[in-house]
Structures are given as structure tokens and as C-alpha cells.
Amino acid sequence: MHRWASTSLISLLAAAALAAGPDAHRQAELRHLLEQDCGSCHGLTLRGGLGPALLPENLAGKPDAFLVQTILDGRPGTAMPPWRPLISETDAGWLVQRLLNGEAVR
Ligand code: HEC
């Protein structure tokens, strides 16, 4: 009984951690990556360069899953590279939320 209770507590905590997205340390790394690496194509302020602007109005109406997949797998035939080796699906989901709600823009 006790063992069962602590196991389910652990899975509850794990689920909460997943729902919350990357931890604070990883969020800082991702913010840096977005500025330095993504910014090299999309512009330091994400207003576009070699790659298109990533402002909320540019992304509006595009499904989250499509944008997450673009980040993870890139767009074949374009300069958009795949980031799967460096960015998890949770990370990509968090980045897309920030891009869509404008928090990524400085
Ligand atoms: C080497 C240049 C380059 C880098 C670096 C780059 N991108 Fe891109 N990205 C592009 C290009 C070019 C496109 C447009 C692809 C197309 O024509 O569909 C694009 C498209 C996108 C899109 C889809 C935009 C839309 O309106 O559909 C997202 C989201 C995106 N990039 C996010 C990122 C993120 C996040 C990073 C960093 C982890 C990143 N990109 C790094 C070149 C780049």
C-alpha cells in the first residue's frame, strides 16, 4: 500500500514536470540558443533575415505541431536545419509557445 502510494506520487510529479516544460536552467539555455543560433537566420529580434520573421503575426494560424516539427526536423529544400540532436520535443513545444505568445521577442 505504501509502496503503491509513493510510486503514484512519483508518476504524478513526473507528469507535472512534463506539463511544466523544460526546467529553469534549460529555459535559459533555450533562450540563449534562440537568440544566438536561431537569431543568426531569423534575426536577433526574430524579425527576419535569411529566414522568415518568427513574430506572433507571422506564425498565427499555423498549427503548433507543424511548427514543432519544423524546428525538430527542419524544412528539406530550405535553409531551415533540423534541431532534433540539440532540442527535445518538450523544448521545441516550449519555444513554439514563446514564439506564438510573443514572449520570445525582445
Ligand atoms: C541556417 C538558417 C536557419 C537557422 C539557423 C534557423 N532557421 Fe528556422 N527557418 C529558416 C528558413 C529559411 C525557414 C523558412 C523555411 C521555408 O521556406 O518554409 C525557417 C522556418 C522556420 C519556422 C517556420 C516559420 C513559418 O512561418 O512557418 C520556424 C518556427 C523556425 N524556422 C524556427 C527556428 C528555430 C526555433 C531555430 C533555432 C532553434 C531556427 N529556426 C533556426 C532558416 C533557419
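These numbers come from a predicted model, not from an experiment.

S.K.: Any chance you could explain the coordination of the iron atom of the ligand here in plain terms?
M.R.: Tetrahedral coordination by four donors sets the ideal angle at the metal to 109.5 degrees; octahedral coordination by six donors sets it to 90 or 180 degrees. Coordination of the iron atom of the ligand by the protein comes from His-42 (NE2) and Met-80 (SD), over a distance range of 2.0 to 2.1 Å. Geometry at the iron atom of the ligand is octahedral, judged from its six donor atoms and the angles of 86 to 178° they form at the metal. In this pair, His-42 sits in helix α2 (residues 24–42) while Met-80 sits in the loop between α4 (64–73) and α5 (89–101), placing the two residues 38 residues apart along the sequence. By relative accessible area, which is 10% here, His-42 ends up buried.

S.K.: Even after reading the chapter, I still don't get the nonpolar core, so can you show me in this structure?
M.R.: Burial of nonpolar side chains together is a common tendency in soluble globular proteins. With 22 residues, the main nonpolar core has Leu-34, Leu-46, Ile-71, Ile-87, Leu-95 and Leu-99 as its most contacted residues. Elements with a minimum of two residues in this core: α2, α4 and α5. Here this core gets five residues from one element, more than from any other, and that element is α5.

S.K.: Mind showing me how you'd approach the confidence of the model for the protein here?
M.R.: When pLDDT is low, close inspection of the predicted coordinates is not appropriate. Summing up the model confidence of the protein, the mean pLDDT is 88 and the portion of residues at 70 or higher is 82%. No element of the protein has a lower mean pLDDT than helix α1 (residues 2–20), which averages 55, and none a higher one than α4, which averages 98.

S.K.: Honestly, the packing of α2 against α5 in this entry has me stumped. Any pointers?
M.R.: Between two packed helices, what matters for the description is the angle formed by their axes and the separation of those axes. Between α2 and α5, the shortest axis-to-axis distance is 11 Å and the interhelical angle comes to 65°. Along this stretch, α2 crosses α5, giving a crossing that reads as right-handed. Counting all contacts with α2, which are made through Arg-26, Gln-27, Leu-30, Arg-31 and Leu-34, the residues of α5 involved are Asp-91, Trp-94, Leu-95, Arg-98 and Leu-99. Grouping the constituent residues of the contact of α2 with α5 by class yields five nonpolar, one polar and four charged.

Reading guide: rules and limits
- Residues numbered from 1 in each chain as written.
- Predicted model: local features only at pLDDT ≥ 70, side-chain atom pairs only at ≥ 80, totals over all residues.
- Heavy atoms only, no water.
- Donors = N, O, S within 2.8 Å, 3.2 Å for Na, K, Ca; no water.
- Tetrahedral: all angles 85-135°; square planar, octahedral: opposite > 155°, others 65-115°.
- Helix = DSSP H or I, 4+ residues; strand = E, 2+ residues; numbered from the N terminus.
- Buried < 20%, exposed > 50% of the residue type's maximum accessible area, 1.4 Å probe, protein only.
- Core = buried A, V, L, I, M, F, W, Y, C linked by side-chain atoms within 4.5 Å.
- pLDDT = per-residue confidence, 0-100.
- Axes fitted to C-alpha atoms, helices over the stretch in contact; angles between N-to-C directions.
- Left-handed = near helix turned anticlockwise from the far one by under 90°.
- Contact = heavy atoms within 4.5 Å.
- Nonpolar A, V, L, I, M, F, W, Y, C, P; charged D, E, K, R; others polar.

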